[in-house]
Every structure is written in C-alpha cells, then in structure tokens.
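Survey of secondary and tertiary structure
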There are 2 protein chains.
Amino acid sequence: MVGGSIPVFDEIILSTARMNRVLSFHSVSGILVCQAGCVLEELSRYVEERDFIMPLDLGAKGSCHIGGNVATNAGGLRFLRYGSLHGTVLGLEVVLADGTVLDCLTSLRKDNTGYDLKQLFIGSEGTLGIITAVSILCPPKPRAVNVAFLGCPGFAEVLQTFSTCKGMLGEILSAFEFMDAVCMQLVGRHLHLASPVQESPFYVLIETSGSNAGHDAEKLGRFLEHALGSGLVTDGTMATDQRKVKMLWALRERITEALSRDGYVYKYDLSLPVERLYDIVTDLRARLGPHAKHVVGYGHLGDGNLHLNVTAEAFSPSLLAALEPHVYEWTAGQQGSVSAEHGVGFRKRDVLGYSKPPGALQLMQQLKALLDPKGILNPYKTLPIQA
Amino acid sequence: MVGGSIPVFDEIILSTARMNRVLSFHSVSGILVCQAGCVLEELSRYVEERDFIMPLDLGAKGSCHIGGNVATNAGGLRFLRYGSLHGTVLGLEVVLADGTVLDCLTSLRKDNTGYDLKQLFIGSEGTLGIITAVSILCPPKPRAVNVAFLGCPGFAEVLQTFSTCKGMLGEILSAFEFMDAVCMQLVGRHLHLASPVQESPFYVLIETSGSNAGHDAEKLGRFLEHALGSGLVTDGTMATDQRKVKMLWALRERITEALSRDGYVYKYDLSLPVERLYDIVTDLRARLGPHAKHVVGYGHLGDGNLHLNVTAEAFSPSLLAALEPHVYEWTAGQQGSVSAEHGVGFRKRDVLGYSKPPGALQLMQQLKALLDPKGILNPYKTLPIQA
C-alpha cells in the first residue's frame, strides 16, 4: 500500500528506526513528545502504562513508525472518535531539504503565533521535509471498552444502525466498521476464523470507550435491544473481556490478510458520501462479472471511508483497464476522494486530478518547488508528473 | 483584540457580510457547508434546529463571521472537547492574491490526495488568501448540558480539581474554565453580577455535555461529592436549566466587559504549561505594585490558555515598558506561546520570535512571498517587519 520503504528508481532510503526515544510525557495534559522512529505499538504501550492511549491505531501498529504515520496522515481505527492527526499533532521537528532543522516541536494545545507550519508536513509523504520528532496529544485511557459484532440484513439497515447508534451511544462511540458477506467468507476460508453471528449480507463492528463501565453497558444494552427489536440487526454478540474484544476486532482487521491469500489484489481506498458507499461494490460486481474472483467492500463506515478490493488469480491488464479509470471517475462523480487515508505515493500520483482541481495541484507544485527546489525529497512520489 | 475590520494605514477593508448563505447541511454526517460571511450565532441556531452544534463557540458569536473564525483559527469555549479548527474544518474555498479561486471545499472526513492546502489558510489571518466558503464538521447536539460553578481555596486545588474531573467526568467534560477573585470582584462591581458561591481565591466553571441526562448527573454528582469532601472545592452550585446555565456562564464570559469598564486594559493571551499558568499573574502583581489598578488571570485552563489582563486608569508608556517585553520573555522561558488563540494582527507581529525560531519565521515569509508576491493581502499584519 505504502511503498515508502522501497526505492522505485535511484532513491536513497532513509531509516529513522534508531531515532526511537520518548523525549517527554506530561501526565496531566497527556502530551507525548518522541522521536520519529518510535514504533506505534511501543508508544501505545508506553502511554497506556501511564493511563493514556495513542489517538491513532492501525493494523500495522507493530511495525509502523510515528514519523511515517504523521508523514502519511494515517487514519485508522480511532479516527471516528479522536479525529485527524491535523488536530492531534501539536508540534513537529522537520529537517528541510537544505539541511535546516525546523523546530516546531511545541507541546501547546493552542498556539496562534503565525502560520501553522507543521500542517504542511502532515500528509505530505516526506516530499517537503523529513519529520524527525513529533509532539502529540494522547486521550485518557478509557476505563471500559465494549465491542458489539452484528449482522445486518442489508446496506440500508447498516446505515440506519449507524444513525441510531450515534444517537443512542453518543460520546462513547469509538468505532463503527463494516464488512460484507464476501469478506466474512474469505476470512473464514483463508484464516479459519469463524463468524460469531448468523450468516448475514453485512456485518457491523461497534466499539464504545468510556469512563464508567456501568453507564456504558446500559447505553449499549438499550441500543442493542432497540436494534434487534426493530429488525435493523438480525443477530449480534458482545464482548467486554479483552480476549473476546480482540477476537472480534481480528475479523475486521485481518480482512487484508485474507484477501492477499485469495490472489492478486486490486486495492482502492475511497471517501464517499455514506449513502453511496456500497453502490460502487455492487456496480463493479456487475461490471466485472467472472473476470474478478471476488469484489469486496469494507471499512470505516463512520468516516465515510470504503476499502474496495478486487481479487483475481493473477494480475491482468484487461481487468485493470476495466477498473481504472472507472473507479476514479465514479468517485469523482460523487465528489469523493480517490485516496481517503492510504495516501498517494508512486502509483496514485497521476489520479489526484479526480479529487483536486488544477489550481490546487498547481499550488502543491509551487510548495514543492519552494521547499525542495532540487527535488531530492521522496522523488517521483505524491505529485503528478509535470507537463 | 482582532483589528481585522480597522485599516491601520492605506488598506482596503473587504466585507463578506453579504456572503451569508448556508450552501448545504448533511443530517447524517453533520457536515455544514456555508459562505464565509455567515454569523457564528446564526449558524449555531441553524444546526441546533437540526440536532447538531457548531464545534466552536465564543463570546463574540453574535457578530463574528465563520470565515473570520477560520482565518484567525479561533479557539473559544468548546476547544477542550471538540479541538482545533485544523481538525474540524473539512474544506475551504479561498480566493488567492492573483484572483484564482482555490476550490478545496470538500465535505469528506478523510482525504489524502496530496498536500492538505486548506491548512495553510486556517490561522493565517487573511494574509495568504481570502476565505470565501467553509465546510465544517458539526458534533451532535448533546441531550444534557450541566454546569457547575465552584470555589477553590488555591491554585493548587484548581489544578487538582482539573485532574480529578478529567478522570471522573471523562468523555462528557466539555469545558474547564477558571477565574481569580479579582475577576469576580470586577464582574460584581462593574456589571452587578453576584457570585453564586462563597468568596474564594479562585473559581472554576465546569461544563458537561452528554447523551444521557441520568448518567451525566450521576457522574457529576459523584465528582462534586468527592471534590467537596476532599477539600479541593469549598463551595459550589450546579445548573441544568438553560436560564441558570446561562447565568453561570455569564460570570466567565463577561469578564472582558467588566475589565473594559475598569480602565485601560493591557491584554495578553498566553499558552503555558498548566502548572505555571498562574505564576505570571502573581509575578506581575509584585512587579507592578500600585502602578497597575488590577492584575487578573482567567481563561481556558483545560487548554493551558491564560488570559492575563492588567488595568490602569489610562494608558502609560512606563507601565507598558514594565510589561513588555517582560511578559513575552517570561512566556518564552516556559516554552509558551505569546498568542494562544487571539492571533497576531498588527500589534504582536514583532513578538512572534518569542515563540517561533528564526527558521520558522523565514519559512512564513517565503510562503507569504509565494502566495502574495505583491503584498496586497492584509498588509502590515501577522508577519514581522523584514530586516
């Protein structure tokens, strides 16, 4: 997905793996300052011992670095609750193309002294500067975490379940993920994970995180009663103990792994209006017919973010031609984003125009020319090839 | 404070007052798209009728425009809960210095297609482009709002009350404001507002916003019992009905008005480590002695943001000389910010260096030169005078 560690042509790969020290942690404010090479899972462990959590969590947490997370503006599983890194990152230290160390590594929640320069580097994929240290706001560790895994009879019911649970769970809702029946079949076939609920066209994973176990259980119980009673949900299971919570999350988190065992995978990561989120999956199944092995849709429904994946026995140019630019055009027709959280890198740099107007692409090129006039930072990536 | 509507020399003032239309509102996602001249309070009313709230709220809501809020990266009373505009603003339409309309007005929660250009304009005070439309994520309207107004025997107890209430109120805490005894005296003297609690050295206003009135009342009740029982708080009152909630908020929100009736006001808006937040107030009282009429401290303690105000019968250069650069040097010594939420404008442009290193100031100048080579956008503001 993210090819940052693989040279395409003549690039030099720079590793921050040994810049792995925590520089400070403030136990009242929850502000963590650390070097860019710290592994996300190790930071999670560090702050959890101090009764906080990292504001982001992703499947790759065991190996990804916080510097890379910030450089790619990683989304992930806690986005719905804690929002974008543009809000939670408080400061950065960045090495610019000319070797200058730009010190914007403050630990302040509020700072309006001039332009917020750190924002430039969040999500710019290393093309404007190299992030060497990060200051980030960590939320308090929730005292109670509950997970519900539910089966829904149709996508309309998935959407209604989302609206209902936003209303009834309110501030404790921390994730709303969905997957379709084909995802569940593949997770079962390739990873031998069994579905904890009756076979359904769609499955939803809801997580709550709160400060009072009793209150949270009561809110979730009332919601489940309503969802089952009104037919939004046909079957469901709940977990509060860590082992079962992890087991339910694995069904969702390991879809990528199951897909990779299914064959060659064409991957798309789209932001779409939530009502239209699944239409592209149905559309592609009809369009591709037997040319595709499987067409699946899953992802962060609460954020309007669909992971659309197509598997085939092997890579085929004709299947690719049936997918692209069709998927991008379809997304552009919905004013969606052709890269919601995965970023641009090498392979998507020429499709930016489906989600950004020419004026925006031009300003991006101007910023690149300003900050990296010799083009030495992550060359061939992120920006479209210039005419 | 913000002199955006007053020409200093030869500037042309541009009003967006007639660009006051809501362009769209999405009732599932809560995403509002509107023109820049919409008044914040009118937008609040609009989204509240649809069961959402604006992610920001400030004293000036009755007259300020959303475009100005975004251009100045306004903080305000809901920052603690809903965070910075860098996280809640999803898209902007901006007119650049050369007349190009930059359309980044998406309504997507996630979009990693290239650099996040809108971030450049949030907080740049109109010096890089003119915001003409805003897309912003509105949180669901809380079903229950409670306010507690408490008296604390010392600043150490204010801090402990903050830590305790973060733990016990968790996800429903939506504001933690403080004011000192002098603020309360001035609000009483000039505005005839009576304190609802016994006289104390410090006062704290705590607001909760949640989805379940019963659960919220129980959490707040337990917290108050603990705070009173352990001596963190010596007296307190609570409100759930709108009228009393407003009355308690008025004590905090009308401090600015009371100060302006007290004489000439020297105003500072600082971000500081929360433990040191009040030290500068004590320091200044000793330093200024009878030269100042009153030295007061109040503000958004939960965000580490102090409003430090000094009143005098009239403006005096010698009092100013006693205050500046002392206040800025003191703040710099704590790695604080000399402008937390109020911005830079005309008067503070030459003190940026207390909070930002030379490399950052240089990059700001380069961005200004790139986006506004002729210097026609909000001239004389925000950036230091170049050598």
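Look up a bit, the structure's there.
Conventions and cut-offs
Residues numbered from 1 in each chain as written. Chains lettered and ligands numbered in written order. Predicted model: local features only at pLDDT ≥ 70, side-chain atom pairs only at ≥ 80, totals over all residues. Heavy atoms only, no water. Least-squares fit on C-alpha atoms with pLDDT ≥ 70 in both. Contact = heavy atoms within 4.5 Å. Salt bridge = Lys/Arg side-chain N within 4 Å of Asp/Glu carboxyl O. Helix = DSSP H or I, 4+ residues; strand = E, 2+ residues; numbered from the N terminus. Buried < 20%, exposed > 50% of the residue type's maximum accessible area, 1.4 Å probe, protein only. Pairing = 2+ DSSP bridges. Axes fitted to C-alpha atoms, helices over the stretch in contact; angles between N-to-C directions. Parallel < 35°, antiparallel > 145°, perpendicular 65-115°, else oblique. Nonpolar A, V, L, I, M, F, W, Y, C, P; charged D, E, K, R; others polar. Phe/Tyr/Trp six-rings, centres within 6.5 Å; stacked < 30°, edge-to-face > 60°. Lys NZ or Arg CZ within 6 Å of the ring centre and 35° of its normal.

Quick word on the relation of the copies chain A and chain B
- Once chain A has been moved 0.0 Å along the axis and rotated by 180°, it coincides with chain B to within an RMSD of 0.0 Å. Taken together, the rotation and translation describe the operation of a two-fold axis. If distances are taken from each C-alpha of chain A to the rotation axis, the shortest is found for Gly 87 of chain A, at 2.1 Å.
- Both copies contact each other with a shared surface, as 100% of the interface residues of chain A are interface residues in chain B too.

Comments concerning the pattern of salt bridges
- Counting across every chain of the model gives 34 salt bridges over all chains.
- One salt bridge in this structure joins Glu 177 of chain A and Arg 252 of chain A, with 2.7 Å as the shortest N-O distance. Of this pair, Glu 177 of chain A sits in strand β7 (residues 173-180) while Arg 252 of chain A is found in helix α9 (residues 242-253), placing the two residues 75 residues apart along the sequence. For the pair formed by Glu 177 of chain A and Arg 252 of chain A, the shared burial category is buried.
- Note that Asp 116 of chain B and Lys 118 of chain B form a salt bridge whose closest N and O atoms lie 3.0 Å from each other.
- With a relative accessible area of 11%, Lys 118 of chain B lands in the buried category.
- Ionic contacts of the salt-bridge type, sharing partners, join the residues Arg 109 and Lys 110 of chain A together with Asp 303 and Glu 341 of chain B into one network.

Comments concerning the sheet that holds strand β12 (residues 305-312) of chain B
Residues and elements named next belong to chain B.
- If you trace the seven strands from one edge of the open sheet to the other, you get β9-β6-β8-β7-β11-β12-β10, paired in antiparallel fashion. Single-partner strands in this sheet number two, and they are β9 (235-239) and β10 (264-271). Geometrically, the sheet is characterised by an average inter-axis angle of 15° between neighbouring strands, direction not taken into account.
- Where strand β6 (residues 144-152) lies against β9, five bridges are found, and the strand directions are antiparallel. Paired with Leu 150 across the bridge in β9 is Gly 236.
- Where helix α6 (residues 155-169) meets the sheet, its contacts fall on β6, β7 (173-180) and β8 (202-210), and the angle it forms with β7 comes to roughly 170°.
- Seen against the sheet, helix α13 (residues 326-333) touches β10 and β12 and runs at an angle of roughly 15° to β10.

Brief notes about the packing of helix α8 (residues 213-229) of chain A against helix α8 (residues 213-229) of chain B
- Taken N-terminus to C-terminus, the directions of α8 of chain A and α8 of chain B make an angle of 180°; their axes are 11 Å apart at the nearest point. Comparing the axis directions of α8 of chain A and α8 of chain B gives the class roughly antiparallel. Of the residues in α8 of chain B, those in contact with His 215, Glu 218 and Lys 219 of chain A of α8 of chain A are His 215, Glu 218 and Lys 219 of chain B.
- Across the contact of α8 of chain A with α8 of chain B, the residue classes break down as no nonpolar, two polar and four charged.

Some points on the packing of aromatic side chains
- This structure, assessed with the given rule, holds 34 aromatic pairs over all chains.
- Centroid distance Tyr 264 of chain B to Phe 315 of chain B: 5.3 Å. Interplanar angle 70°. Geometry classified as edge-to-face. Note that Tyr 264 of chain B is positioned in strand β10 and Phe 315 of chain B in the loop between β12 and α12 (317-323), a separation of 51 residues in sequence.
- The exposure class of Tyr 264 of chain B is partly exposed, given its relative accessible area of 33%.
- Note on Phe 315 of chain B: relative accessible area 42%, which makes it partly exposed.
- Through successive ring pairs, a cluster of aromatic residues spans Phe 155, Phe 178, Phe 202 and Tyr 278 of chain A.
- For Arg 50 of chain A, the ring lying beneath its charged end belongs to Tyr 46 of chain A, and the centroid distance is 3.7 Å.

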